[in-house]
Amino acid sequence: LAEARATGQGGALLILGIDNFKLINETYNRFFGDQVLKAVSRQIKQILAQDFKLYKLDGDEFAILYPGASEADVDALYTSIQTALLQPQHINDKPYFCTVSGGTVFYPQSGKDYLVLHKHAEAALDLAKRSGKNKNCIFSKETYNRWVRSLSMRDDIRQSVEQGCRGFSLCFQPQVSANEKRLIGAEALLRWQNSKGRMVAPMEFIPLLEESQLMIPVGKWIADTAVRICREWQKIVSDFCMSINLSYVQLRDPSFKEAVKACVERYGVDPKSIILELTEHTVTSDWNFINREFASLRECGLKIAMDDFGTGCSSLAMFKNLSCDIVKIDRAFVKEILSSDFDRRIVEYTVELCHSVGMSVCIEGVETWDEYELLSKSCKVDSIQGYLFGRPETKEGFEEKFLMRQEAHGEEQPCHARAMR
């Protein structure tokens, strides 16, 4: 940087952080983690030009000084590193998979002092991790202000949790049987209203809950609330099932399973009517541990669903390595299914494969009747979740739109929706 100041040449400082590195240490040990750090550094060095400088920072972070770089140059470099790390790696025959997030700051326009540049790059990296990981975020005043707001949000969330999950609530999106259009359950979705009364998007606050470990107490609150409501709704729809999202943070917590079992016993609900959903990208990081935990949960009678199927890197490996009850196919395969023969065949083959090993299939994001007809009749999916049959609703809204009709008729009716013919 001193040389850059002397010559007047600008450039970029790119800080890379290994995503979920803590999981690698917990799955194996810190010695193995150190070996991963060395392996990643070797892979990055192979990509860098000779005049680039790679620095090892604290923890799982690396820094690259890229003189004269433009935004396009940094994007190309990061994409090369990202691609190199896509394939699962092995150390002493032990497999691991890791991605890296990046935070980039340009000098001298965003600072001339290293400490300032480092702070700005770290802020950009933090935002990249919060917005889904495995991406590069470029510093700007706007991104920095967002980062500062996120720090304030952490304090607000902590206060909400300490006050008995004040401001948290659940919405419910209906799930219907594909053949009968009959209401069979709902997915419970977490919502949060901050201390100023503003509803905050889940993609903003859920990563904060997971990073701060606050998802553990909030997860127990979700389970208690969802199971209690499930019991209420089973008085109207006897086989009603409640799907509850499960994060890796909760799965690692020994008290979570006991908390769910206690909820089921307290409210007298058949455990088979409670479905725990885990996203596929989480599963690919730690097969052995998750398999053990899933087996333990299923022994309690609970059902397991794999959410967002098809968006991760090891979809086929899932069938070989993981035992679950339900596979939920992501909306990505629905959007163009009417025009894409490839997408239709992928869904058909996935359903056939799931059925052959005793798994049922729920497809998400169904919005039109043409999509529904194809998925139910040609692809033979088991259940449907999407705006065609209903958007997420509050408890009161769900009861009014989907349960009052069932109760009034005294029998199970086709699920009504805004698009119902």
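Our subject is the structure that appears above.
Everything in this summary refers to the structure shown in the same document. (Residues numbered from 1 in each chain as written. Predicted model: local features only at pLDDT ≥ 70, side-chain atom pairs only at ≥ 80, totals over all residues. Heavy atoms only, no water.)

### So, the layout of surface pockets
Part 1 of the argument: Here the second largest pocket is characterised by a volume of approximately 480 Å³.
Part 2 of the argument: Along its surface, the second largest pocket is lined by 18 residues, and Arg 146, Arg 149, Ser 150, Met 153 and Glu 204 are the ones closest to its centre.
Part 3 of the argument: Elements represented by at least two residues in the lining of the second largest pocket include exactly helix 5 (114–130), helix 6 (141–162) and helix 7 (202–211).
Part 4 of the argument: Tallying contributions element by element places helix 6 first for the lining of the second largest pocket, with six residues.
Part 5 of the argument: The residue inventory of the lining of the second largest pocket, partitioned by class, reads six nonpolar, five polar and seven charged. (1 Å grid on protein atoms, 1.4 Å probe; cavity = no way out; pocket = protein on both sides within 12 Å on 5 of 7 lines; lining within 4 Å. Points joined across faces, edges and corners; volume = space filled by probe spheres on them. Helix = DSSP H or I, 4+ residues; strand = E, 2+ residues; numbered from the N terminus. Nonpolar A, V, L, I, M, F, W, Y, C, P; charged D, E, K, R; others polar.)

### Quick look at helix 15 (residues 369–378)
Part 1 of the argument: Every buried residue belonging to helix 15 is among Trp 369, Glu 371, Tyr 372, Leu 374, Leu 375 and Ser 376, and all of these are buried.
Part 2 of the argument: Contacts from the buried residues of helix 15 go to helix 14 (341–356), strand 15 (360–364) and strand 16 (383–385).
Part 3 of the argument: In the segment just after helix 15, Lys 380 is the residue with positive phi, at about 60°. (Buried < 20%, exposed > 50% of the residue type's maximum accessible area, 1.4 Å probe, protein only. Contact = heavy atoms within 4.5 Å.)

### Concerning the packing of helix 6 against helix 7
Part 1 of the argument: In contact at an axis separation of 10 Å, helix 6 and helix 7 are set at 70° when each is read in the N-to-C sense. Compared by their axis directions, helix 6 and helix 7 come out roughly perpendicular. The way helix 6 lies across helix 7 gives a crossing that is right-handed. Where helix 6 abuts helix 7, its residues Ser 150, Met 153, Arg 154 and Ile 157 lie against Glu 204, Phe 205, Leu 208, Leu 209 and Glu 211.
Part 2 of the argument: Looking at the contact of helix 6 with helix 7, its residues break down into five nonpolar, one polar and three charged. (Axes fitted to C-alpha atoms, helices over the stretch in contact; angles between N-to-C directions. Parallel < 35°, antiparallel > 145°, perpendicular 65-115°, else oblique. Left-handed = near helix turned anticlockwise from the far one by under 90°.)

### Concerning the packing of helix 3 (residues 30–47) against helix 4 (residues 71–84)
Part 1 of the argument: It is the contact of helix 3 with helix 4, at a shortest axis distance of 10 Å, that shows an interaxial angle of 135°. The orientation of helix 3 with respect to helix 4, classified from their angle, is oblique. Regarding helix 3 and helix 4, the two cross each other, and that crossing is right-handed. Contact residues: Gln 43, Ile 44 and Ile 47 in helix 3; Leu 77, Ser 80, Ile 81 and Ala 84 in helix 4.

### Some details on the environment of Asp 224
Part 1 of the argument: Mapped onto the elements, Asp 224 comes out in helix 8 (residues 215–234).
Part 2 of the argument: Between the C-alpha atoms of Asp 224 and Arg 266, which are 42 residues apart in sequence, the distance is 9.2 Å.

### Concerning unusual backbone geometry
Part 1 of the argument: For the peptide bond that leads from Tyr 107 to Pro 108, omega is 10°, which places it in the cis range.
Part 2 of the argument: Within the element layout of this structure, Pro 108 appears in the loop between strand 6 (100–107) and helix 5.
Part 3 of the argument: Positive phi values are uncommon outside glycine, yet Asn 20 reaches one of about 55°.
Part 4 of the argument: Topologically, Asn 20 is positioned in the loop between strand 1 (11–18) and helix 2 (21–27).
Part 5 of the argument: When its relative accessible area of 37% is taken as the criterion, Asn 20 is described as partly exposed.
Part 6 of the argument: The residue Lys 181 is not glycine, and still its phi comes out positive at about 60°.
Part 7 of the argument: Turning to its location among the elements, Lys 181 is positioned in the loop between strand 8 (168–177) and strand 9 (183–193).

The values reported here are purely geometric and, on their own, carry no functional implication.
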